[in-house]
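Listed below, chain by chain, are the residues.
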Amino acid sequence: MSRPVTLFTGQWADLPFETVCQKAKSFGYDGLEIACWGDHFEVNKADEAYCRKKNEVLSKHGLKVFAIANHLAGQAVCDRIDERHKSILPDYVWGDGDPEGVRQRAAHEMISTGEAAKKLGVKTVTGFTGSSIWPLLYSFPAVPQAMIDNGYEDFASRWLPILDKFHQLGIRFALEAHPTEIAFDIASARRTLKAVKDHPAFGFNFDPSHFGYQGVDYVQFIDTFAEKIFHVHMKDAGWSKVPAEAGVFGGHTEFGTPGRFWDFRSLGHGNIDFEQIIRALNRINYKGPLSVEWEDGGMDREFGAKEACEFVRKVDFPSSNIAFDAAFEKK
């Protein structure tokens, strides 16, 4: 049986929830990964009646929900807060903008997200964690190791209470390992797991588009963290085979600017080897959804989302349940 193909609604939050449901069904999707912004899923309104109505809308359009996503509030739990966060957070989380107050309210919002997920009937929340040490990525002036240690300790102290509550609820948090997060490659992901003592409620939302252009082995990521792949994003990225004007760090250019070394691409239009990803997911017996996070500034999104759904169905093949040469054995 093939894995369900879902659409992440984060890039469609300018449209009403029911409109996105209509479009997702017409594109061929089985369900949604619902973003906790726009009117798609409002955590502060998510009582039993609200969640029942969301499920009714999904059912009306022949869709299921497999995860909800709260990247925006999660980002603020550990970040160094500035004016950028005001534009992505609900007013009740931003409050007066005092950084520590924002971080604490964001942590509370993540606990509320886990509670809302349980009412909705899903077991996975995807999102970001933020990072107090991401600004220290490039080491000049030299960064003492103690500063990095402190960053992981800060992450653990802020997220362990959230994860404990998730565990009590039977909900898992899947961090989308990503530049700007506490985990953004294999090495930092290992350290992140160690910081939270391999907490049973903490794992990863695997997204290869954030690894390939960095030079990170995204297939090895799956094999290394086999038991911690809680959710999968299908998203492509393209990068240059020759030196570029704006390198891996982007040169302070916007996505889609000519001369960038890398950019996100619609599925099948970049450099990610999805066949190897599917083989790795089969090796670890991943049976969860393949969620299309559609981003390509050079393509119409409705055309791209439909094509992406078709691409995932074509590339997703089941694993074998027999040994290759078993037919030669005598019975």
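Relevant structure appears above.
Residues numbered from 1 in each chain as written. Predicted model: local features only at pLDDT ≥ 70, side-chain atom pairs only at ≥ 80, totals over all residues. Heavy atoms only, no water.

Looking only at helices and strands, the protein has eleven helices and ten strands in total. What you see for the protein is a C-alpha radius of gyration of 20 Å, in line with the 20 Å of a compact globule of 331 residues. Looking at the protein residue by residue over its 331 residues, the buried ones come to 53%. As displayed, the protein has an accessible area near 15900 Å², and 53% of this comes from carbon and sulfur atoms. (Helix = DSSP H or I, 4+ residues; strand = E, 2+ residues; numbered from the N terminus. Rg over C-alpha atoms; globule rule 2.2 N^0.38 Å. Buried < 20%, exposed > 50% of the residue type's maximum accessible area, 1.4 Å probe, protein only. Areas by Shrake-Rupley, 256 points an atom, 1.4 Å probe, with all protein chains shown as cover.)

All right, on to the pattern of salt bridges then. One pass over the full model with this rule turns up 20 salt bridges. Glu302 is the partner of Lys23 in a salt bridge, and the nearest nitrogen-oxygen pair spans 2.7 Å. In this pair, Lys23 sits in helix H1 (residues 17-27) while Glu302 sits in helix H11 (residues 301-315), placing the two residues 279 residues apart along the sequence. The partner of Lys235 in a salt bridge is Glu293, with the nearest N and O atoms 3.4 Å apart. Taken together, the residues span a long stretch of sequence, with Lys235 in the loop between strand E7 (229-234) and strand E8 (236-239) and Glu293 in the loop between strand E10 (290-292) and H11 at a distance of 58 residues. On the accessibility criterion, Glu293 (7% relative accessible area) is buried. Overlapping salt bridges, with partners in common, bring together Glu100, Arg103, Asp154 and Arg158 in one network. (Salt bridge = Lys/Arg side-chain N within 4 Å of Asp/Glu carboxyl O.)

A few words on the packing of aromatic side chains. On inspection of all chains with the given rule, the structure shows 21 aromatic pairs. The interplanar angle of 5° and the centroid separation of 3.7 Å between the aromatic rings of Tyr213 and Trp262 together place this pair among those described as stacked. With Tyr213 in the loop between strand E6 (202-206) and helix H9 (218-224) and Trp262 in strand E9 (residues 262-265), the pair connects residues that are 49 residues apart, well separated along the chain. Looking at Tyr213, the relative accessible area reads 8%, which means it is buried. Here a set of aromatic residues connected by ring pairs shows up, and it is made of Phe155, Trp159, Phe166, Phe173, Phe202, Phe204, Phe206, Phe211, Phe221 and Phe225. (Phe/Tyr/Trp six-rings, centres within 6.5 Å; stacked < 30°, edge-to-face > 60°.)

Structurally, His40 is set in the loop between strand E2 (31-35) and helix H2 (48-60). At a separation of 3.5 Å, a polar atom in the side chain of His40 contacts the main-chain carbonyl oxygen of Trp12. Here the side chain of His40 touches Leu15 through a polar contact of 2.8 Å, landing on its backbone oxygen. Those residues in contact with His40 that lie beyond four places of it in its chain are Thr9, Trp12, Ala13, Leu15, Pro16, Phe17, Val20, Ile34, Ala35, Tyr50 and Lys54. (Polar contact = N/O pair within 3.5 Å; in protein donor to acceptor, adjacent residues only side chain to side chain. Contact = heavy atoms within 4.5 Å.)

Taken together, the buried positions of helix H8 (residues 186-195) are Ile186, Ser188, Ala189, Thr192, Leu193 and Ala195. Elements in contact with the buried residues of H8: helix H7 (145-169), E6 and H9. The backbone nitrogen of Ala187 has a side-chain oxygen 3.4 Å away, supplied by the residue at the start of H8, namely Asp185. The first or second residue beyond H8 is Lys197, which carries a positive phi of 55°.

Below, the discussion takes up the side chain of Ser188. Tracing the backbone through its elements, the reader meets Ser188 in helix H8. Engagement of the side chain of Ser188 in a polar contact is seen with the side chain of Asp185, the distance being 2.7 Å. With residues near it in sequence (within four places) discarded, Ser188 still touches Tyr152, Ile182 and Ala183.

With 94 residues, the main nonpolar core has Tyr29, Phe41, Phe204, Phe221 and Val292 as its most contacted residues. Ranked by residue count, the leading element in this core is H7, at nine residues. Leave out the neighbours within four places in its chain, and Val292 touches Val5, Thr6, Leu7, Phe8, Tyr29, Met234, Leu267, Ala308 and Val312. (Core = buried A, V, L, I, M, F, W, Y, C linked by side-chain atoms within 4.5 Å.)

We now examine a nonpolar patch on the surface. Together, Leu137, Tyr138, Phe140, Val248 and Phe249 line one region of the surface with nonpolar side chains, adding up to about 640 Å² of accessible area. Within the secondary structure, Leu137 sits in the loop between strand E4 (124-127) and H7. Using a relative accessible area of 36% as the deciding quantity, one classes Leu137 as partly exposed. (Patch = residues over 30% accessible without salt bridge, like charges linked within 9 Å, V, L, I, M, F, W, Y side chains within 5 Å.)

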